[in-house]
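Read off the chains here:
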Amino acid sequence: MCIMSSKNPQRANVSMNLSLIPIDLQPIAEKVDNRQRISDAEALQLYHSNDLNALGVMASTLREQKNGNVATYILNRYINYSNVCILSCQFCAFAAKKRDAHAFERSIDDIVAAVQESLAVGITEVHMVGGLHPTLKKDWYLTLLQRLHALDLNLIIKAFTAIEIRHLAQRIFKLSIADTLAVLRDAGLGALTGGGAEIFDAEVRDELCRGKESAEEWLEVHRTWHQMGGRSTCTMLYGHIETLEQRVDHLRQLRELQDETRGFTGFVPFAFEPQTTVLAHVKHASAVEQLRNLAVSRIYLDNFDHLTAYWVSMGLPLAQVSLSYGVDDLHGTIIEERIFHMAGAKTPQELTVATLEHAIREAGREPIQRDSYYRHLRRHPAVESAPPAVESELVCA
Ligand code: SF4
């Protein structure tokens, strides 16, 4: 795969039309316009604002300063190797105990065959996570990575959340976090996934996912990986029991680690999917709330280059609109998403390149395929003149 450039083109001289910003938000807008960092209190003020258009103007200015008019996507495939998990997080409809009817474990042969099939349609990344499996052995994980890596040396294996890494280190490999990551990297691990961050606040975690790692432990796994030269994404699961202050606290901790390591490639927030979880009474975040959260994230996380809209959770129409609220990336083709769909998401389980490209073009941006590190790979000539997407172009597994 030919990378278009190692450093993506950026436009530095974009300034904001301050007349579009209400008086009370103008001090923040001026900071954004001058590429100055905003404070936690200012982020909270933005979260309390109902002027979604003003947030969009500020977030779009930053997006354009960082990424010009480009919006990216990746050709990727999701793999969940097993949903068997020793924990029972409140928000999780994916996990199962071995005895449960919906428990599954995929064999290495089955996973390798699925990835091989997707390589034929051009994926550049396999994104693989599972539960905290009690009995799979060290050799199983290493063989899986080695066999996937052997399929195509250019395929990026983006795998495991921070809690899976801690589980492997402590219970399976019985090694330090750094040594576990090194062994996995040597077997083919290319990047860490950003999952499991949820909301960092200790009280929220205690209520939502008792037994899961603390914020410090999540951050420590990513810090260690970054210090080894690795890259990862990071996430925020919002719209459940957290307060706006706790969202800002979450963003602050990510911004601080990014100041330290510069190892995060992008930020991917997603709204809680309550339908089939024990928190089914929680109301799903509204479209306005999702756009506001993306815009505030874009403005606050000044040291992040990329903001991704997770269409699996938002739906493609809203993800498309979010390209005017700070987002510069529509994630990817995905192929076989399970975690959000087991929680009740009604979106498709994969999208075609033509559908993603059309959504980006219709929003006035230039679509470019990226790799796992958000580096531009290519404009897609095969779909450059693709007709507008219609319902039948959505491919459901
Ligand atoms: S969120 Fe992850 S750790 Fe928690 S129960 Fe689900 S699979 Fe297990």
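About the thresholds
- Residues numbered from 1 in each chain as written.
- Predicted model: local features only at pLDDT ≥ 70, side-chain atom pairs only at ≥ 80, totals over all residues.
- Pairing = 2+ DSSP bridges.
- Helix = DSSP H or I, 4+ residues; strand = E, 2+ residues; numbered from the N terminus.
- Axes fitted to C-alpha atoms, helices over the stretch in contact; angles between N-to-C directions.
- Buried ≥ 20, exposed ≤ 12 C-beta atoms within 10 Å, placed from the backbone.
- Right-handed = clockwise from strand over helix to strand, strands pointing away.
- Near = placed C-beta within 6 Å.
- Nonpolar A, V, L, I, M, F, W, Y, C, P; charged D, E, K, R; others polar.

Looking at the sheet that holds strand β1 (residues 70–74)
Now for step 1: The mixed open sheet is built from four strands, whose spatial order is β8-β1-β9-β10. Only two strands of the sheet have a single partner each, and these edge strands are β8 (329–332) and β10 (376–378). Going across the sheet, the axis of each strand differs from the next one's by a mean of 40°, ignoring polarity.
Now for step 2: By the bridge criterion, two bridges tie strand β9 (residues 366–370) to β10 in an arrangement that is antiparallel.

Points about the pairing of strand β2 (residues 76–80)
Now for step 1: When you tally the buried positions in β2, you get four out of five residues, the bulk of the element.
Now for step 2: Bridge count between β2 and strand β3 (residues 125–129): five bridges; the pairing is parallel. Paired with Ile79 across the strands is Met128, a residue of β3.
Now for step 3: Tracing the backbone out of β2, into helix α4 (residues 108–119) and back to the parallel element β3 gives a crossover that is right-handed.

What to know about unusual backbone geometry
Now for step 1: Residues other than glycine seldom take positive phi values, yet Arg35 does so here, at roughly 55°.
Now for step 2: Its location among the elements puts Arg35 in the loop between α1 (26–33) and α2 (40–48).
Now for step 3: Arg35 sits in the exposed class, given 12 other C-beta atoms within 10 Å.
Now for step 4: One non-glycine residue with positive phi stands out, namely His331, at about 60°.
Now for step 5: Inspection of the secondary structure puts His331 in strand β8.
Now for step 6: Taking the C-beta count within 10 Å as the criterion, His331 has 23 such neighbours and is therefore assigned buried.

A few points about the site of the ligand
Now for step 1: The immediate surroundings of the ligand are formed by Cys85, Leu87, Ser88, Cys89, Cys92, Phe94, Ala95, Gly131, Leu132, Ile163, Cys209 and Lys212.
Now for step 2: The class makeup of the residues in the shell around the ligand is nine nonpolar, two polar and one charged.

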